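# Chain and residue survey
One-letter residues, chain by chain:
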Amino acid sequence: MATPKSTNHPQVWHFNLEEGMQLQVYVFGSSNGCNSRVELQLKNCSRTWILHWGGLDRGQKNWVIPADHPCGTKTYKQIALQTPFMRSGDIYLIVIELRDPKIHAIEFVLKDGSRDRWLKLNQENFRIEIHENESVTSHLSIPKDLVDQKAYLLWESKGKPISSPQQQKQDSEDALRELHREFSRGISLDELRNGIQGTSTRRINDNRALSERLNSPISSICQKRRDVGQWLHKYSERQSKGTHLPVSVLLDLVEKYKGGDNVILRQSFRVGDFEIVVLLRTTMADHRMLVAVNMKGTTVLHWGMSKSSSGEWLTPPSDILPERSKLLNGACQTYFKDMPTGEGFFQFVDINLQQRDFLGVQFVIWSGGSWIKNNGSNFFVSLKPTDHKFGKGDMDGKGTVKWLLDEISEREKHAERSLMHRFDIATELTERCQSEGELGLIGVFVWLRFMACRQLTWNKNYNVKPREISAAQDKFTSFLGKIYLNQPNDREIVRLMLASIGRGGQGEVGQRIRDEILLLQRNNDCKSGMMEEWHQKLHNNSSPDDVIICQALLDYARCNFKIDVYWRTLNSNGLTRDILASYDHPIVSEPRFKADTKEGLILDLTSYLRTLKAVHSGVDLESAIESWLSYSSKRPGIQVNSVGGLSLKLQECLNFAKVHINDKSIHPVMEKLLESRIELHPILLKSHERFKDLLFLDISLASAVRTTMERGLKDLDDSHLTDWYCVCESYKPNNVQWALQTKAVLDRIRLVLTDRAQHYQKMIQPSAQYLGHLLGVEKWAIEIFTEELIRAGSAPVLSMLINRLDPILRKIANLGCWQVISPVEVCGFVTSVNELITVQSKVYGKPTIIIANKVTGGEEIPDGVVGVLTPDMPDVLSHVSIRARNSKVCFATCFDQRILRDLRLKEGKAISVRLKFSNLEISDISSSDLSVGHTVMSSIPRGVTLKKKTLGGKYAASVEEFSSELVGAKSRNIQYLRGKVPSWIKVPTSVALPFGVFENILLTDLNKDLANKVSCFDRLVRAGDLSKLQAIQETILQISATPTLINELRSKMKSLRIPWPGDEGEQRWKQAWQAIKKVWASKWNERAYISCRKANVNHDHLCMAVLVQEVICADYAFVIHTRNPLTGDTSEIYTEIVKGLGETLVGAYPGRAMSFITKKSDVKSPIVVGYPSKHIGLFMKKQSLIFRSDSNGEDLEGYAGAGLYDSVIMDKEEEVVLDYSCDQLIVDKSFQRSLFSKIAEVGIIIENLYRSAQDIEGVVKHGEVYVVQTRPQI
């Protein structure tokens, strides 16, 4: 066979296989050349092996069969080739000639012909890349560090210019090409390396000089487009009775067919491909436990009861045994029953526990010939589920796993004896509280963090060897590693737990602490004084404090034994003289060393510090890297592609980060830290023999990213923003659209950070409050617990970075410091509140300007308020925005925290708010300048007359029958549009429950008791007790439908081909009926009631029709205002659009919608004025119905009641975290322009029909536009 005529050295791969076998693969030539050749050589081989292989075309995943095959090759099922290795001297050989330029790689596995088994690479195919460009081949032949050093010299020879990404890439290719030429002349790698180092004016083999080149404005990590979706967790949180579970198809299925309304506990376990679901229900006064599995075939539940502790296993009483059960050796074995459904299959066991007073149930499962356990332990289900409702009290245990925290408090006296005792107890409690979900782990975490913050005693009257502490630590952290792997929803809290404690280790890991201090003392002649006191402490109770003490001694030695340096290091890390003296083996002396021992001390203390960190530190990067790389270097495996399961790329990044972590320039080290985490991510999703070390490595990298970024932010100035700008392919200098889009991304990140902070506060702080009180923790430490936890993470650094970038973007986008939503000039007295909703029912006696931290968009503006200024970002078309414009209240978002801070300092003072172009100008004024009566009264509409409606004889009306006596304006507008708009504008078919149906149903004998309740509560509301509004709503949800109503509604819906929910079963009709009642009940929501009272509208005269439509499973939802509401310009259409259903647009969902303006004279040229920052979208994946409120109080002159009442979808929408990076509306400008123009045209057509400005709601599905309602724009 011909060998390619190329002087280049071949690419080479080495693989160490089983039983001493080795595989070497050589690749000659390139895929772009006329021919490439792959040689595979097996060494130390004693049996017949077959290569099972195929080629890979670019962009394809399936194997292709090359036209030319080696001798003896057979085709395997038309999908692969099988070629036997042929003996050639001492080796076995296959040579493959590849002449197809499309084939850029071959993949293969090895088949043992004599044993009929397969050999893979880490459970995956072997893969050999064929480089495209022959002149730049063999990156693996020349080490990357050598290429980088050569490229540096080339860059240096040009005078160190600022390099673009393309120039950097060209330098690397030139360097590689030159190295290949020298390599092909027979120059060895060592000679090449020595030659490069000799050429440079300074040493560059330690990688430090490379920082200078990498610090040019663009770092290589910024150039790489990555599929960030693969980094995201593919699960969401489900909260039920306080327990967070992974999204579970099985759980949904079991609940649907076996659940009911009385489920008090849900648990879900995953073991490999198996899923186990447990439901605890109450039936009458009995408890019933249902265990369901997705296994097939004979499956047996092996179970017992626990009475006094979760570790107890007792034989179940015979009278509670289910059918197909038998008692066997102190346990019960029950066979599972099959439950086939149209939506899936599961097996279940249903146990009636009656009213027995048991603590819980223990079980394991037998299936497929093996036992299925929970991380090696029994599954445990607590029969005393705690109340996880969140309360405001800090001592009531609400929002916590109270039994766990009570037990921690009781066992603290035992735990404080030593860290060994504490970690042993932590392991036991963590195993026992698995049934409590995330809150159980939080309870243990809070305890451990109190310990880590020195709020608890680490050691008291007990001596324990370092190896015993280390072993207890190792057992606990290894168990946490298993939880991380098997319970994806709990990964975040597990990472927090691991970061609070050290790594630990078995055997010699802990013993080295004891042995090496003796060696250090002997080597440096320091066997007395402080060193002997420390030695005694280390021998009997080593702790994380020893890391700080060792660092202090090291700093002391490095600074020529200056004692103030020693104390400075101790004090800055929280260690004082009193703490040192409080140890069981106290340290009361100061260190004293001989001057000539300095160098030896520094060497030995540096080494000893590594030993201490290896056990006690959870986030130290250097020890985490060394722990892994030292393990990897001892491990046989693949010599080129990976070592110890880590790729060469990851090893290179880790080594670089270790050397450069403290460099002044953060760009290169940030790149390597982030690259390391990216490389680690897929490894952390599957089991590994050293998984815990990998997890600690990733935690350390995350911590290093945070501290490095904090350090870099201090020196950040505008010139560095070039780096960030250039990562965006769309960036152009001073490009307004780019700035708007980028600011939306930052806003979305802000919202996510806010959500996470609120989630932490809600989930963690109750446990900190309750447990801290029990343990006698200092009050200040309890109060700031969650706040400090958040500050210790990456969120504050990211927030700081956003705050630095935000004003730059606003300047480019010409946004200024304000977005004015309701442009009104006002004067008033400043009052600050945290949430606007908390004061919406308040009446202010003088003109007031509220500074509100949080505005969701669904609030009512309080009486007497003339202005609302907020850092929050409600939609321009949200309820509160419309209310503000209608009531002539100034409403604006402020993007500058300094302005808001200054405004809050003006509490109680009078200010003036004036419009200046698109911004606000604020100035102090004298309180005497205000006209109180005029300002307060002018903002509130008064005296609107509402005519009460009565039942018109119909319980249901079709769209053709809609009239002002039967339905509200919403339904009548839908009727008006039908047949008048062009056919390309779709209008949904509708029916309605007319006015008076609710009142009539409530007064029937079926519901008369509930009617009396409503009447009683209503009297209390009139007397001023607004809390009874909720009681009225809850009562309405209990009313029953009459047969007449059901029959009429069914007949009308079926006649118009609207799906009747009852056809899918009684449960579906119950869902629909519940949705209808929620619409009726919304007449008594607090915001609507307050609004009626403010406008002097008679609430008794307000009647509610219900408009019924089929839900359109929208791709996008929009709201059009055919007169620009921000400027009042009648020549402009203003539109907001969101992904999914429109509830995120009109409801209280954080973030901004995408917005655009269209000139009516030029609908083909819409102008985007804001990009979306909403991070949640609502979607409906199945056929459903929506029941819309349609009151007689909507769209009245002088009073806008629209948006006050609820529209309810029969089925719960699916919440989806939005990804705009591939959304056609964002990335495809042609599609965007076409769709926006079509929506604007809808606005013009409907405005012309009504001859007045309109507020239009609609959706887009598969490119078609649907209008679901329209009303006059006020």
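Residues numbered from 1 in each chain as written. Predicted model: local features only at pLDDT ≥ 70, side-chain atom pairs only at ≥ 80, totals over all residues. Heavy atoms only, no water.

### A word on the overall build of the chain
A tally of regular secondary structure across the chain gives 39 helices and 47 strands. Taken across its 1274 residues, the chain has 53% of its residues classed as buried. Expressed as a percentage of contacts within the chain between residues at least 6 apart in sequence, the contacts between residues at least 24 apart total 68%. Taken as a whole, the chain presents about 56,100 Å² of accessible surface, with 50% of it coming from carbon and sulfur. (Helix = DSSP H or I, 4+ residues; strand = E, 2+ residues; numbered from the N terminus. Buried < 20%, exposed > 50% of the residue type's maximum accessible area, 1.4 Å probe, protein only. Contact = heavy atoms within 4.5 Å. Areas by Shrake-Rupley, 256 points an atom, 1.4 Å probe, with all protein chains shown as cover.)

### With respect to the confidence of the model for the chain
Averaged over all residues, the pLDDT of the chain equals 82, while 84% of them reach at least 70. This model gives residues 717–727 a pLDDT under 50, and the stretch forms 20 contacts once residues within four places in sequence are excluded. Low pLDDT, under 50, characterises residues 932–941; the stretch is placed with 18 contacts to residues that sit more than four places away or in other chains. (pLDDT = per-residue confidence, 0-100.)

### A closer look at the sheet that holds strand β44 (residues 1208–1209)
The pairing of strands in a sheet comes from backbone hydrogen bonds and takes either a parallel or an antiparallel form. In space, the five strands of this open sheet follow the order β34-β36-β37-β43-β44, with antiparallel pairing throughout. Edge positions in the open sheet fall to β34 (957–958) and β44, since each of these has one partner strand only. Across the sheet, helix α30 (residues 969–977) lies against β36 (990–993), β37 (1104–1110) and β43 (1185–1191), angled at about 115° from β43, the strand it touches most. (Pairing = 2+ DSSP bridges. Axes fitted to C-alpha atoms, helices over the stretch in contact; angles between N-to-C directions.)

### Description of the pairing of strand β39 (residues 1132–1139)
Counting buried positions along β39 yields eight of eight residues, so the element is predominantly enclosed. Neither face of β39 is left uncovered, since the one carrying Glu1132, Tyr1134, Glu1136 and Val1138 and the one carrying Ile1133, Thr1135, Ile1137 and Lys1139 both have all their residues buried. Of the strand pairs in this sheet, strand β38 (residues 1116–1121) and β39 are connected by six bridges, and their pairing is antiparallel. Looking at the pairing, isoleucine 1120 lines up with threonine 1135 of β39.

### Describing the pairing of strand β11 (residues 126–129)
Here β11 shows one buried face, formed by Phe126 and Ile128, and one open face, formed by Arg127 and Glu129. Two strands pair when backbone bridges link them, and strand β9 (residues 103–112) and β11 are joined in this way by four bridges, in the antiparallel orientation. Note on β11: the bridge partner recorded for isoleucine 106 is isoleucine 128.

### As for the sheet that holds strand β1 (residues 11–16)
Pairing is antiparallel in the open sheet, where five strands are placed in the order β1-β2-β3-β8-β7. Single-partner strands in this sheet number two, and they are β1 and β7 (86–88). Recorded for the sheet is a direction-independent mean angle of 25° between the axes of neighbouring strands.

### Here's the deal with helix α39 (residues 1229–1250)
Each α-helix winds once per 3.6 residues, and so residues spaced three or four apart point in a common direction. The end-to-end C-alpha separation of α39 is 32 Å, in line with the 32 Å expected for 22 residues at 1.5 Å each. For α39, the full list of buried residues reads Gln1232, Leu1235, Phe1236, Ser1237, Ile1239, Ala1240, Val1242, Gly1243, Ile1244, Ile1245, Ile1246 and Glu1247. If you check the start of α39, you find a side-chain oxygen 3.2 Å away from the backbone N of serine 1230, and it comes from aspartate 1228. In the segment just after α39, arginine 1251 is the residue with positive phi, at about 60°. (Expected span 1.5 Å × (residues − 1). Polar contact = N/O pair within 3.5 Å; in protein donor to acceptor, adjacent residues only side chain to side chain.)

### A look at unusual backbone geometry
The backbone of asparagine 329 shows a phi angle near 50°, a positive value even though the residue is not glycine. Structurally, asparagine 329 is set in the loop between β18 (325–328) and β19 (331–335). The residue histidine 1262 is not glycine, and still its phi comes out positive at about 50°. Within the element layout of this structure, histidine 1262 appears in the loop between β46 (1254–1261) and β47 (1264–1272).

### Points about the side chain of arginine 1068
Within the secondary structure, arginine 1068 is located in helix α35 (residues 1066–1081). Filtering out sequence-adjacent residues up to four positions away, arginine 1068 remains in contact with Pro1061, Lys1182, Gln1183, Met1210 and Asp1211.

### A few points about the nonpolar core
By size, the foremost hydrophobic cluster in this structure holds 78 residues, and its most contacted members are Val444, Val446, Trp447, Phe476 and Leu673. Top contributing element to this core by residue count: helix α21 (residues 691–713), with 11 residues. Those residues in contact with valine 446 that sit more than four places away from it in its chain are Ile764, Ser767, Ala768, Leu771 and Phe785. In this structure, Ile808, Ile812, Val981 and Val1242 belong to the second largest nonpolar core, which totals 54 residues. (Core = buried A, V, L, I, M, F, W, Y, C linked by side-chain atoms within 4.5 Å.)

### Here's the deal with the packing of helix α7 (residues 402–415) against helix α8 (residues 419–432)
Interaxial distance between α7 and α8 falls to 10 Å at its minimum, and their mutual angle equals 160°. Between α7 and α8, the crossing angle belongs to the class labelled roughly antiparallel. Crossing angle aside, the handedness with which α7 passes α8 is right-handed. Side by side, α7 and α8 meet where Trp403, Leu404, Glu407, Ile408, Arg411, Glu412, His414 and Ala415 of the first sit next to His421, Arg422, Ile425, Glu428, Leu429 and Arg432 of the second. Here the residues of the contact of α7 with α8 are counted per class, giving six nonpolar, two polar and six charged. (Parallel < 35°, antiparallel > 145°, perpendicular 65-115°, else oblique. Left-handed = near helix turned anticlockwise from the far one by under 90°. Nonpolar A, V, L, I, M, F, W, Y, C, P; charged D, E, K, R; others polar.)

### A closer look at the packing of aromatic side chains
Within this structure, the stated rule accounts for 22 aromatic pairs. Judged by centre distance (5.4 Å) and plane angle (65°), the ring pair of tyrosine 556 and phenylalanine 561 falls under edge-to-face. Relative to tryptophan 1073, the ring of tryptophan 1069 lies with its centre 6.0 Å away and its plane at 25°, an arrangement referred to as stacked. With tryptophan 1069 and tryptophan 1073 both in helix α35 and four residues apart, the pair spans about one turn of that helix. An identical accessibility class is assigned to tryptophan 1069 and tryptophan 1073; each is buried. Taken together, the aromatic side chains of Phe998, Trp1060, Trp1069, Trp1073, Trp1080 and Trp1084 make up a single cluster linked through ring pairs. One cation-aromatic arrangement involves lysine 672 over phenylalanine 656; the distance from NZ or CZ to the ring centre is 5.7 Å. (Phe/Tyr/Trp six-rings, centres within 6.5 Å; stacked < 30°, edge-to-face > 60°. Lys NZ or Arg CZ within 6 Å of the ring centre and 35° of its normal.)

### Here we look at empty space enclosed by the protein
If you walk through the whole model with that rule in mind, you get five cavities of 30 Å³ or more. Roughly 70 Å³ of volume is contained in the largest cavity. In terms of lining, the largest cavity is formed by Glu438, Ile442, Glu492, Ile493, Leu496, Arg756, His759, Tyr760, Met763 and Ile764. Listing elements by their share of the lining of the largest cavity, those giving two or more residues are α9 (438–452), α11 (491–500) and α23 (736–775). Of the residues forming the lining of the largest cavity, the biggest block, five residues, is contributed by α23. (1 Å grid on protein atoms, 1.4 Å probe; cavity = no way out; pocket = protein on both sides within 12 Å on 5 of 7 lines; lining within 4 Å. Points joined across faces, edges and corners; volume = space filled by probe spheres on them.)

### A closer look at the side chain of glutamine 473
Examined against the element boundaries, glutamine 473 turns out to sit in helix α10 (residues 466–486). By relative accessible area, glutamine 473 is classed as buried at 2%. Excluding residues within four positions of it along the chain, glutamine 473 makes contact with Phe423, Ile501, Gly502, Arg503, Gly504, Val615 and His616.

### Quick word on the pattern of salt bridges
Inspection of the entire model under this criterion finds 62 salt bridges. Put simply, lysine 460 and glutamate 416 hold a salt bridge, and the shortest N to O gap is 3.4 Å. In this pair, lysine 460 is assigned in the loop between α9 and α10 and glutamate 416 in the loop between α7 and α8, connecting sequence segments 44 residues apart. The class for lysine 460 is partly exposed, based on a relative accessible area of 42%. With a shortest N-O distance of 3.3 Å, aspartate 1063 and lysine 1054 are connected by a salt bridge. According to the relative accessible area criterion, aspartate 1063 is exposed, its value standing at 52%. Linked by salt bridges that have partners in common, Lys743, Asp747, Arg750, Asp806 and Arg810 make up one network. (Salt bridge = Lys/Arg side-chain N within 4 Å of Asp/Glu carboxyl O.)

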